[in-house]
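Below are the chains, spelled out letter by letter.
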Amino acid sequence: MTELTWTPMDGDAFVTHDGFIFYTFGYEHPNDHVFAFLKYIPSKHQKLFPIEYLPTRWKLGSSELIRPKQLYSASNFKRYVQAFRRNYPDYLYHCPSREKEVICPTSRTIKRVYKPHARLKALLEKKNRNRLENLTLELIDYLSNASNVSKSDFGVHGSIALGIATNQSDIDLVVYGAGNFRRLEATLSKLVHQRSLTHIAPDGGATNGILRGKFSEKLFVCTAVRKVEEISSVYGDFKYSAVAPLKLRCRVIDDSETMFRPATYGIGDCQPLNQDSQIESDHMPNVAVSMIGLYRNIARKDDYIEVSGVLEQVEEVRTGGISFQLVVGSGTSENEYIQLVSKKEAGQANMRTLDAYSLPPP
């Protein structure tokens, strides 16, 4: 592959000629490059990436694969960049929109692409499916019938889509479209309430908006991907400049973009949570953007969230207009997150915050 022959969508996987497996990140990509995060590494390259790995091994053809224990962390990101810079520079790109080096492989590195909807089609046409593959199709049938979301709006990704699943593998699904995701979300809540399905919280019991549960004793997760008509942004429309670390408590005023990656929360009623987070009103962010998939869809409209990230200035290139956003997953700190806060806690905390951190009168 010498040029991009597909339109990269968040969640599309691809394997490179060097055997690395990446997942596409987001929907805006530079010409002939793909923003992506590294998920599987050929075990022969383990020494190039001095990080902690899961004990499981996967096989893709003749290649043995290993996976980082943490798919996203600021320290791992720095090690990836260092290793690629030394050994595989075609996997890096100096992004002029952000003025920094990022993982963004060029098209000439890409050997094969795995799109979730295409992998579902291939699975339906496969003649000799194993138990996990049959269970995946049964689950899609069940969810489609229960939610009235068309099967054509589902996809398969993860190890099943790549053909590297083990007996311990989960079922990883995609649903295309914000409306379909909300419909499926409501359906799963109903099924759990009826005890037709079991809800499974992530490790540690943290609140997480990714849909997950157990079907026939097998864990499954379902994430959202935009439909083509839901993609409005184009790479290069905006320039981003880091301003400072910031920690705020905010009210969610728009949750229509929270299920995707990046996850965008419209925010208001923001209050600083420490002395360093006091900013002038014209620098106050109107959105919180999570680059980390863990923080997708964890809050709905009128919920309160605590956000720790980096304040960025956003310049619209065409008009010169300036706005601000609070980014979680900047790659500069491990202490970046979005956390749901109860309205009672938010009210009490806001009173304390106003007393402690209110700006002095002019």
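First, a word on what this report is: a plain description of the structure on this page. Quantities reported herein were computed from a predicted structural model and do not represent experimental measurements. (Residues numbered from 1 in each chain as written. Predicted model: local features only at pLDDT ≥ 70, side-chain atom pairs only at ≥ 80, totals over all residues. Heavy atoms only, no water.)

## Re the overall build of the protein chain
Reasoning step 1: Of regular secondary structure, the protein chain possesses six helices and 19 strands.
Reasoning step 2: Viewed in the frame of its principal axes, the protein chain has a C-alpha envelope of about 75 × 55 × 40 Å.
Reasoning step 3: In the protein chain, which comprises 362 residues, the proportion classed as buried is 49%.
Reasoning step 4: The long-range share in the protein chain, meaning contacts at least 24 apart out of those at least 6 apart in sequence, stands at 65%.
Reasoning step 5: Surface summary for the protein chain: the accessible area is close to 17,900 Å², and the carbon and sulfur share equals 48%.
Reasoning step 6: Charged side chains in the protein chain number 45 positive and 41 negative. The centres of these two groups are separated by 8 Å. (Helix = DSSP H or I, 4+ residues; strand = E, 2+ residues; numbered from the N terminus. Buried < 20%, exposed > 50% of the residue type's maximum accessible area, 1.4 Å probe, protein only. Contact = heavy atoms within 4.5 Å. Areas by Shrake-Rupley, 256 points an atom, 1.4 Å probe, with all protein chains shown as cover. Lys, Arg positive; Asp, Glu negative; His and termini not counted. Charge placed at Lys NZ, Arg CZ, Asp CG, Glu CD.)

## Focus on the pattern of salt bridges
Reasoning step 1: Taken as a whole and judged by the stated rule, the model has 19 salt bridges.
Reasoning step 2: Between K151 and D141 there is a salt bridge whose closest N-O contact spans 2.9 Å. A residue pair is termed long-range when its members are at least 10 positions apart, and K151 in the loop between helix 3 (131–147) and strand 9 (154–157) and D141 in helix 3 qualify at 10 residues.
Reasoning step 3: For K151, a relative accessible area of 43% corresponds to the partly exposed category.
Reasoning step 4: Here E185 and R182 are joined by a salt bridge, their closest N and O atoms 3.0 Å apart. Of this pair, E185 and R182 both sit in helix 5 (residues 178–193), separated by three residues, roughly a single helical turn. (Salt bridge = Lys/Arg side-chain N within 4 Å of Asp/Glu carboxyl O.)

## Overview of the packing of helix 2 (residues 116–125) against helix 3
Reasoning step 1: Viewed as axis vectors pointing N to C, helix 2 and helix 3 meet at an angle of 115 degrees, and their least axial separation amounts to 11 Å. Here helix 2 lies roughly perpendicular to helix 3, going by the angle between them. In this structure, helix 2 meets helix 3 at a crossing whose hand is left-handed. Between helix 2, through L120, L123 and L124, and helix 3, the contact on the second element is made entirely by E133, T136, L137 and I140. (Axes fitted to C-alpha atoms, helices over the stretch in contact; angles between N-to-C directions. Parallel < 35°, antiparallel > 145°, perpendicular 65-115°, else oblique. Left-handed = near helix turned anticlockwise from the far one by under 90°.)

## Let's talk about the packing of aromatic side chains
The relative placement of two aromatic rings is captured by the distance of their centres and the angle of their planes.
Reasoning step 1: Throughout the structure, instances matching the rule amount to 18 aromatic pairs.
Reasoning step 2: Taken together, W6, F14, F20, F22, F49, Y80, F84, Y88 and Y91 form an aromatic cluster joined through their ring pairs.
Reasoning step 3: Directly above the ring of Y23 sits K39, whose terminal nitrogen or CZ lies 4.7 Å from the centroid. (Phe/Tyr/Trp six-rings, centres within 6.5 Å; stacked < 30°, edge-to-face > 60°. Lys NZ or Arg CZ within 6 Å of the ring centre and 35° of its normal.)

## A word on helix 2
Count 3.6 residues to each turn of an α-helix, and residues three or four apart come out pointing the same way.
Reasoning step 1: Of all the positions in helix 2, only P116, L120 and L123 are classed as buried. Buried residues of helix 2, seen end-on, are gathered within an arc of 60 degrees and therefore sit on one face of the element.
Reasoning step 2: In the core, the buried residues of helix 2 are packed alongside strand 8 (110–114), helix 3, strand 9, helix 4 (158–162) and strand 10 (171–176). (Arc of directions from axis to C-beta.)

## Structural notes on the sheet that holds strand 9
In a beta sheet, neighbouring strands pair by backbone hydrogen bonds and run either parallel or antiparallel.
Reasoning step 1: Overall, mixed pairing links the five strands, which are arranged 9-10-13-12-11 in an open sheet. Across the chains shown, the open sheet's two edge strands, defined by having one partner strand only, are strand 9 and strand 11 (198–199).
Reasoning step 2: Bridging between strand 10 and strand 13 (residues 218–225) involves six bridges; their strand directions are parallel. Within strand 13, the position partnered with V174 by the bridge is T223.
Reasoning step 3: The sheet strands contacting helix 3 are strand 9, strand 10, strand 12 (211–215) and strand 13, and the helix crosses strand 10 at an angle near 35 degrees. (Pairing = 2+ DSSP bridges.)

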